Amino acid sequence: MEFTLLWAALLAVGALWMMLRLERRLGLLPDDRSDWFDTLLGAAVSGLVAGRIAAMLLTGTNPLTHPADIILIRGGVDTGFASIGALVFLVWATRRSLPAALDLVSPAVLAGLAGWHGGCVFRGTCLGTRSEFPWAFAEPGSALTRHPTEIYSAFLFVAAAFGALFLLRRITRPGVVAAGALATAGTIRLVTEPIRPSLGSGPIWWYTTGILAGIVLTAAAFLRQTPNRRPET
Amino acid sequence: MRRFAATMLGTILTVTACVTTSAPLEVPALPPIDDAALSSLLESGDPIVLNVWASWCIPCRSEAPLLSAAYEAFGDRVSFIGVDIEDTQEDARQFISEHGLEFDNYFDRAGTVRANLGGVGVPITYFFAPGGELVYRHNGVIDERTLSLQIDEILNR
């Protein structure tokens, strides 16, 4: 039995929890809601299930005839449908105040993604395409040095998480931080995809869609005449 | 929560009910494999991905589409070999047909290939450099990143 995926998931959940804790210490999370962690875990599970089922359907495996396959996450999760599944859960869970709620959880989600990518050290999947850079690594027993692609991604997501935290304290218009986080996450995945080993070109259309949606939603949030997320201090 | 779960379940059932499967392949009986045949395959001079599977193994079913996609992408540069162990011919052929596995598959009822190459359980994926050097052994379901990385390793050794 192999638990490397579980360790990576635990690192992601830990990073998410720590960022939520930091947000609470900074007074950015309202005290009236104490279940942000549960909500984000629910979104993550919904995303995993939706992405896994989509991946099964896209590869011709019927989840109705093979229901046990759904739990085999390592068999593949479709990134785009996973994102949609997580978003659907968040829409359902936050209902009336979705843009403001998404703003509040954006730093934590980006931190969680950083933890997930950093979890490559447990899974042994940090390395990407070949590289001659001084910091490139080689597989044990190999002379081929490679980009530590997932470590790059993890650092970029950490920077993005703290960037979102910074913006959350300064921008009060609802939806701007979340839309910016979406565009940033799409950009990080898109720019690292060419140095990530894959069988094809990767889900670059999903990343491009995320970037464009993030840009459009950021502009829309700025232009919309809505009250601020919280009173100016 | 119940309403959300019911909506999600309804969506999933509707989508999965619309799934169509491709026409089944005509699969001949799998040839047996022994130590001599395995040695001959490994000394062929090509990089080799050897996957040990069984039709009763749920994780094997999960990784079959990935191996099929890898064969489509790299089949002209890497030899893909499947070895069905501890199984019956009929179930093995049905598995190959269901997943459309187009690479060569062999039948090893006693599991001697796995015993010789090392490893526990199924699935196991072995990566051999040209000349037969074992570069990497992956126990359990393999993911796309590991598969792509190890294929790149055996292609460039």
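Parameters and conventions
- Within each chain, residue numbers correspond to sequence positions counted from 1 in written order.
- Whichever chain is written first becomes A and whichever ligand is written first becomes 1, with later ones labelled in order.
- Note on the predicted model: pLDDT of at least 70 is required for a residue's local features to be given, and 80 or more for side-chain atom pairs to be given and counted; whole-chain, interface and lining totals, by contrast, use all residues.
- The side-chain figures draw on all heavy atoms in the structure; neither hydrogens nor water molecules are used.
- Labels follow the DSSP assignment, with helices taken as runs of H or I lasting at least four residues and strands as runs of E lasting at least two, numbered in each case from the N terminus.
- Categorising residues by exposure relies on relative accessible area from a 1.4 Å probe, with only protein chains included: less than 20% of the type maximum marks a residue as buried, more than 50% marks it as exposed, and the intermediate range marks it as partly exposed.
- Contacts: residue pairs with any heavy atoms within 4.5 Å of one another.
- Computed with the Shrake-Rupley method and a 1.4 Å probe, the accessible areas treat only the protein chains shown as cover for residues.
- Two cysteine sulfur atoms form a disulfide, by the criterion used here, when they sit within 2.5 Å.
- Cavities and pockets were defined on a 1 Å grid built from protein atoms only: a cavity is a group of points that admits a 1.4 Å probe but offers it no way out, a pocket is an open group of points flanked by protein on both sides within 12 Å along at least five of seven lines, and a lining residue is one with an atom within 4 Å of any such point.
- Grid points are joined across faces, edges and corners, and a volume is the space filled by probe spheres set on the points.
- Throughout this entry, Asp, Glu, Lys and Arg are counted as charged residues, while Ala, Val, Leu, Ile, Met, Phe, Trp, Tyr, Cys and Pro are counted as nonpolar. The remaining residues, Gly among them, count as polar.
- What counts as a salt bridge is simple: a side-chain nitrogen of Lys or Arg found within 4 Å of a carboxyl oxygen of Asp or Glu.
- Here the buried area means the combined drop in accessible surface, using a 1.4 Å probe, for two parts upon being joined, counting both sides.
- We call two N or O atoms a polar contact when they sit within 3.5 Å, provided that within protein one can donate a hydrogen and the other can accept it, with sequence-adjacent residues counted only if both atoms are side-chain atoms.
- An expected span of 1.5 Å times one less than the residue number is assigned to each helix.
- By nonpolar core is meant a set of buried Ala, Val, Leu, Ile, Met, Phe, Trp, Tyr and Cys residues that side-chain atoms within 4.5 Å join together.
- Strands qualify as paired when DSSP identifies two bridges or more between them.
- Convention used here: a crossover is right-handed provided that the path from the first strand, over the helix, to the second strand proceeds clockwise when the strands point away from the viewer.
- Simply put, an axis is a line fit to the C-alpha atoms, just over the touching stretch for a helix, and the angle between two N-to-C directions goes from 0 to 180 degrees.
- Roughly parallel here means an angle under 35 degrees, roughly antiparallel means over 145, roughly perpendicular means 65 to 115, and every remaining angle is called oblique.
- Crossings are sorted by hand: turned counterclockwise from the far helix by less than a right angle, the near helix makes the crossing left-handed, and turned clockwise it makes it right-handed.

Overview of the overall build of chain B
And step 1. Within chain B, the regular secondary structure consists of 6 helices and 5 strands.
And step 2. Starting at the N terminus and ending at the C terminus, chain B contains elements arranged as α-α-β-α-β-α-β-α-β-β-α.
And step 3. Buried positions account for 48% of the 157 residues belonging to chain B.
And step 4. Taking all contacts inside chain B whose residues are at least 6 apart in sequence as the whole, residues at least 24 apart take part in 68%.
And step 5. Carbon and sulfur atoms provide 53% of the accessible area of chain B, an area that totals close to 7500 Å².

Quick notes on the state of the cysteines
All names here are of chain A.
And step 1. Considering all chains together, one arrives at 2 disulfides over all chains under this definition.
And step 2. Sulfur-sulfur distance for the disulfide between Cys-120 and Cys-126 comes to 2.0 Å. Here the S-S torsion is close to 90°, and the disulfide linking Cys-120 with Cys-126 is therefore right-handed.
And step 3. For Cys-120, a relative accessible area of 2% gives the class buried.

A few points about empty space enclosed by the protein
All names here are of chain B.
And step 1. Overall, the coordinates contain 1 cavity of 30 Å³ or more when judged by the stated rule.
And step 2. Considering the residues around the largest cavity, the lining is formed by Asn-51, Trp-53, Cys-60, Glu-63, Ala-64, Leu-67, Phe-95, Leu-101 and Phe-103.
And step 3. Elements represented by at least two residues in the lining of the largest cavity include exactly β1 (48-53) and α3 (58-74).
And step 4. Sort the elements by how many residues they give to the lining of the largest cavity and α3 lands first, with 4 residues.
And step 5. Residues that form the lining of the largest cavity fall into these classes: 7 nonpolar, 1 polar and 1 charged.

Details of the pattern of salt bridges
And step 1. For the coordinates displayed, the defined rule picks out 13 salt bridges over all chains.
And step 2. Put simply, Asp143(B) and Arg74(A) hold a salt bridge, and the shortest N to O gap is 3.3 Å. You can see Asp143(B) sitting in the loop between β5 (134-139) and α6 (144-155) and its partner Arg74(A) sitting in the loop between α2 (36-58) and α3 (79-94), one on each of two chains. Side by side, Asp143(B) and Arg74(A) carry an identical accessibility label, which is buried.
And step 3. Notably, a salt bridge pairs Glu150(A) with Arg196(A), separated by 2.7 Å at the nearest N-O pair. Of this pair, Glu150(A) sits in helix α6 (residues 149-170) while Arg196(A) sits in the loop between α7 (176-192) and α8 (204-223), and the two are 46 residues apart along the sequence.

Description of the interface of chain A and chain B
And step 1. Each partner contributes residues to the interface: chain A has 38 residues there, and chain B has 36 residues.
And step 2. Summing the contributions of chain A and of chain B, the shared interface buries around 3100 Å²; its carbon and sulfur component is 61%.
And step 3. When the buried area of chain A at its contact with chain B is split by residue, Arg74(A), Trp92(A) and Leu199(A) rank highest and sum to 22% of it.
And step 4. Connecting chain A to chain B are 6 salt bridges.
And step 5. For Arg61(B), the salt bridge is made with Asp69(A), and the minimal N-O distance between the two is 2.8 Å.
And step 6. At the boundary of chain A and chain B, one finds 14 residue pairs in polar contact (both at pLDDT 80 or more).
And step 7. Looking at the side of chain A that touches chain B, the elements that each hand over two or more residues are α2 and α3 of chain A.
And step 8. Looking at the side of chain A that touches chain B, the element that brings in the most residues is α2(A), giving 4 residues.
And step 9. Here the side of chain A that touches chain B is composed, by residue class, of 14 nonpolar, 13 polar and 11 charged.

Looking at α6(B)
All names here are of chain B.
And step 1. Between its first and last C-alpha atoms α6 spans 16 Å; for 12 residues at 1.5 Å apiece the expected length is 16 Å, and the two agree.
And step 2. Here α6 lies mainly inside the structure; 10 of its 12 residues are buried.
And step 3. By the burial criterion, the buried members of α6 are Arg-145, Thr-146, Leu-147, Ser-148, Leu-149, Gln-150, Ile-151, Asp-152, Glu-153 and Ile-154.
And step 4. Residue Asp-143 occupies the N-cap position of α6, its side-chain oxygen lying 3.2 Å from the main-chain nitrogen of Arg-145.

Concerning the nonpolar core
Where a protein is soluble and globular, its nonpolar side chains tend to be buried together.
And step 1. Core analysis: the biggest nonpolar cluster contains 44 residues, and Leu50(B), Val52(B), Phe80(B), Val83(B), Leu147(B) and Ile151(B) have the highest contact counts within it.
And step 2. Sort the elements by how many residues they give to this core and α3(B) lands first, with 6 residues.
And step 3. Among the nonpolar cores identified, the runner-up in size contains 32 residues, and Ala43(A), Ala111(A), Ala161(A) and Ala164(A) belong to it.

Focus on the pairing of strand β3 (residues 104-108) of chain B
Residues and elements named next belong to chain B.
And step 1. Judged by how many residues are buried, β3 sits mostly within the fold: 4 of 5 residues are covered.
And step 2. By the bridge criterion, 5 bridges tie strand β2 (residues 79-85) to β3 in an arrangement that is parallel. By the bridge assignment, Gly-82 is partnered in β3 with Asn-105.
And step 3. A crossover connection joins β2 to the parallel β3 through helix α4 (residues 89-99); in handedness this β-α-β unit is right-handed.

Focus on the packing of helix α1 (residues 4-25) of chain A against α6(A)
Packed helices, taken two at a time, are described by the angle their axes make and the gap between the axes.
Residue and element names in this part refer to chain A.
And step 1. One can describe the packing of α1 onto α6 by two numbers: an axis separation of 12 Å at closest approach and a directional angle of 20°. Considered as vectors, α1 and α6 are oriented roughly parallel to each other. Between α1 and α6 lies a crossing whose hand is right-handed. Residues Met-19, Leu-22 and Glu-23 of α1 lie in contact with α6, whose contacting residues are Ala-161, Phe-162, Leu-165 and Leu-168.
And step 2. Residue composition of the contact of α1 with α6, grouped by class: 6 nonpolar, no polar and 1 charged.

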